[in-house]
Amino acid sequence: NNEKSVPQLLIRDLKFEKKSLAKLMFSPDQENHPSKAPVKYGELIVLGYNGSLPNGDRGRRKSRFALFKRPKANGVKPSTVHIACTPQAAKAISNKDQHSISYTLSRAQTVVVEYTHDSDTDMFQIGRSTESPIDFVVTDTVPGSQSNSDTQSVQSTISRFACRIICERNPPFTARIYAAGFDSSKNIFLGEKAAKWKTSDGQMDGLTTNGVLVMHPRNGFTEDSKPGVWREISVCGNVFSLRETRSAQQRGKMVENETNQLQDGSLIDLCGATLLWRTAEGLSRTPTVKHLEALRQEINAARPQCPVGFNTLAFPSMKRKDVVDEKQPWVYLNCGHVHGYHNWGNKEERDGKDRECPMCRSVGPYVPLWLGCEAGFYVDAGPPTHAFSPCGHVCSEKTTAYWSQIPLPHGTHTFHAACPFCAHQLAGEQGYIRLIFQGPLD
């Protein structure tokens, strides 16, 4: 074992050109004419996609969605409350030109709350439906899926009209989230089985079948971020502790001192897909794709080598992020030693997954490394020194440390940490590993 005589380097040992990278740290919005750019409230990024949907982003189906100030306000706010004795009467009240929420209490009684235009806010709707009221169409995330055909067979648990986000049109452009979205006839309909109740001030409120969960991180979305507590948001935007299971009839306890106001780094779970909310201000401090590309070129310029074949390794370009390249770096997940692809240590008696590292003889999974290309998931602009386990997505140390602590909802009542770039459940003691590269021998 000639490990000591071989020059090893961690990526942090590379001398990154601070000045050249500083230029790339500005977001694309700042590069354009700031005065003419429309006001951006923020962006929603779907976890599990590394920069784009498997078959490409199209129209309202994409991996990230920017919320811009609308030319004309389209927000709504509650106004008149009607109590109707029959469902037919309720239908008559909820006219198609006016937004309303119908709460069916029993066969004999429905409460209809009419909503009126609000010139101070913009409304954005998210859901599985492709009908026109939905601004951002979200389908179920299948971990590690490479094509949409992988996702179609799954029975969706995402609501057709899952939630709505209301943004203030004036600074500080506060964004708030509410469960359920208005359908094509401008109605939200909570049936007999949905959890609903009368509030202390006589208003109605309720929860959707599988619920809309939100988690606000502590310390914002920075390198000091810590996970917050998952809560459920009601149709009127009130905050509750979680139900026993996703669709239980009994609501959780109301949490008086928390709000439905989104902050940079808030996570929104729609039971089948999780979205990350990034404010425009937060995104301006986030590395850009250009910055990540500069880091990729910087690693490749250091000419890391395979300690077995002595061939130079290189991360493929961001456009080729799904095809394993012959120069692609591979890693032993138990020790972090980076190699090129080789057949060393592939013992037949093993199931083919575990391999023995030639550098240190530790046995474990051996996987290709991929750069994390979705810049919105990074909590800092640090170099890509660490990889998630078992998927091999590479990003900064602080970013891997942050996401490995986040319990993401899975199914109807479990939570587990997952890689933000591919949604694979994390494995191993901490869910990520530090990468050890070997420098060129010359």
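Residues numbered from 1 in each chain as written. Predicted model: local features only at pLDDT ≥ 70, side-chain atom pairs only at ≥ 80, totals over all residues. Heavy atoms only, no water.

Heads up, the condition is: UniProt positions are given in the numbering used here, feature names are shortened, and annotations may be inferred rather than shown by experiment.
Under an unreviewed UniProt entry, the name given to the protein chain is PELI1 ligase, and the source organism is Glareola pratincola. The Sequence similarities (unreviewed entry) field of the UniProt record for the protein chain holds the comment "Belongs to the pellino family."

### Some details on the overall build of the protein chain
Heads up, the rule is: The secondary structure listing takes helices from DSSP runs of H or I that are at least 4 residues long and strands from runs of E that are at least 2 residues long, numbered from the N terminus. With a 1.4 Å probe rolled over the protein chains alone, any residue whose accessible area is under 20% of its type maximum counts as buried; one over 50% counts as exposed, and the rest are partly exposed. Two residues form a contact once any of their heavy atoms are found within 4.5 Å.
Along the backbone of the protein chain there are 7 helices and 29 strands. Within the span of the protein chain, comprising 442 residues, buried residues form 51% of the whole. Long-range contacts, defined here as pairs at least 24 residues apart, represent 64% of the contacts in the protein chain between residues at least 6 apart.

### Section: the pattern of salt bridges
Just so we agree on the cut-off: Any carboxyl oxygen of Asp or Glu that lies within 4 Å of a side-chain nitrogen of Lys or Arg is treated as forming a salt bridge with it.
Scanning the entire structure with this criterion turns up 15 salt bridges. A salt bridge links Glu232 to Arg243; its shortest N-O distance comes to 2.7 Å. Pair noted here: Glu232 is in strand E15 (residues 230-233) and Arg243 is in the loop between strand E16 (239-240) and strand E17 (267-269), with a separation of 11 residues, a long-range link. By relative accessible area, which is 2% here, Glu232 ends up buried. Residue Arg243 is classed as buried on the basis of its relative accessible area of 9%. Among the salt bridges present, the one from Glu293 reaches Arg296, with a minimum N-O distance of 2.9 Å. Taken together, the residues span about one helical turn, with Glu293 and Arg296 both in helix H6 (residues 289-301) at a distance of 3 residues. Where salt bridges share partners, they join Lys40, Glu43, Arg64 and Glu374 into one cluster.

### Some points on the sheet that holds strand E24 (residues 386-388)
In a beta sheet, neighbouring strands pair by backbone hydrogen bonds and run either parallel or antiparallel. Let me state the cut-off plainly: Any two strands between which DSSP finds at least two bridges are classified as paired. Where helices are involved, their axes are fitted lines through C-alpha atoms of the stretch in contact, as for all axes, and angles between N-to-C directions lie from 0 to 180°.
Pairing in this open sheet of 4 strands is mixed, and the strands run E23-E25-E24-E28 from one edge to the other. Pairing within the sheet leaves two strands with one partner each, and these edge strands are strand E23 (370-371) and strand E28 (432-434). Relative to E24, helix H7 (residues 397-404) is tilted by about 30°, and along the sheet it contacts E24, strand E25 (393-395) and E28.

### Observations concerning the environment of Gly282
In this structure, Gly282 sits in helix H5 (residues 280-284). Spatially, the C-alpha atom of Gly282 lies 9.3 Å from that of Gln263, the residues being 19 residues apart in sequence.

### What to know about the nonpolar core
The nonpolar side chains of soluble globular proteins are, as a tendency, buried together. Which entries qualify depends on this criterion: Side-chain atoms within 4.5 Å link the members of a nonpolar core, which is a set of buried Ala, Val, Leu, Ile, Met, Phe, Trp, Tyr and Cys residues.
Ranked by internal contacts, the top residues of the largest apolar core, which has 45 residues, are Leu44, Leu67, Ile126, Ile165, Ile177, Ile268 and Leu270. Beyond its immediate stretch of four places on either side in the chain, Ile177 contacts Cys163, Arg164, Ile165, Val212, Val214, Ile233, Gly237, Asn260, Leu262 and Ile268. By size, the runner-up hydrophobic cluster in this structure holds 30 residues, among which are Ile45, Leu276, Cys373 and Ala418.

### Some thoughts on H7
Along an α-helix, residues three or four apart share an orientation, since each turn contains 3.6 residues. Buried within H7 are the following residues: Thr399, Thr400, Tyr402, Trp403 and Ser404. Packed against the buried residues of H7 are strand E14 (212-215), E17, strand E18 (274-279), E24, E25 and E28.

### Looking at the sheet that holds strand E22 (residues 363-368)
Taken in spatial order, the 4 strands make up an open sheet running E20-E19-E22-E21, and their pairing is antiparallel. Of all the strands in the sheet, just strand E20 (338-339) and strand E21 (354-356) have a single pairing partner and so form its edges. Relative to E22, E21 is paired through 3 bridges, and the arrangement is antiparallel. What sits directly across from Arg355, in E22, is Gly364.

### Notes on the packing of aromatic side chains
Short version of the rule: Working definition: rings of Phe, Tyr and Trp (its six-membered ring) pair if their centres are within 6.5 Å, and the pair is stacked with planes under 30 degrees apart, edge-to-face with planes over 60 apart, and tilted otherwise. Lysine and arginine charges are scored as sitting over a ring when NZ or CZ, respectively, is within 6 Å of the ring centre and within 35 degrees of the ring normal.
Applying the stated criterion across every chain, the model contains 18 aromatic pairs. For the pair Tyr41 and Phe173, a centre-to-centre distance of 5.8 Å together with 55° between the ring planes defines the contact as tilted. Here the residue Tyr41 occupies a position in strand E2 (residues 40-46), and Phe173 occupies one in the loop between strand E9 (163-168) and strand E10 (175-179), the gap between them amounting to 132 residues. Clustering of aromatic rings is evident, with ring pairs tying together Phe221, Phe377, Tyr378, Phe388, Tyr402, Trp403 and Phe421. Stacked on the ring of Trp197, the Lys or Arg Arg251 has its end atom at 4.3 Å from the ring centre.

### Side note on unusual backbone geometry
Omega for the bond connecting Pro171 with Pro172 falls within 30 degrees of zero, at 5°, which places this linkage in the cis form. With an omega of 15°, the peptide bond between Ser389 and Pro390 qualifies as cis. Structurally, the position occupied by Pro390 is in the loop between E24 and E25. The phi dihedral of Ala180 is positive, around 75°, even though this residue is not glycine. Along the chain, Ala180 falls in the loop between E10 and strand E11 (187-190).

### Here's the deal with the pairing of E15
Both faces of E15 are covered, namely the face carrying Trp230 and Glu232 and the face carrying Arg231 and Ile233. Where E14 meets E15, 4 bridges bridge the pair, whose relative direction is antiparallel. Paired with Leu213 across the two strands is Glu232, which belongs to E15. Strand direction decides the pairing type here: E15 and E16, joined by 2 bridges, are antiparallel. The residue bridging Glu232 from the neighbouring strand is Phe240, located in E16. Remark: 5 residues form the turn of the hairpin made by E15 and E16, two consecutive strands paired antiparallel; Gly237 in that turn has positive phi of roughly 85°.

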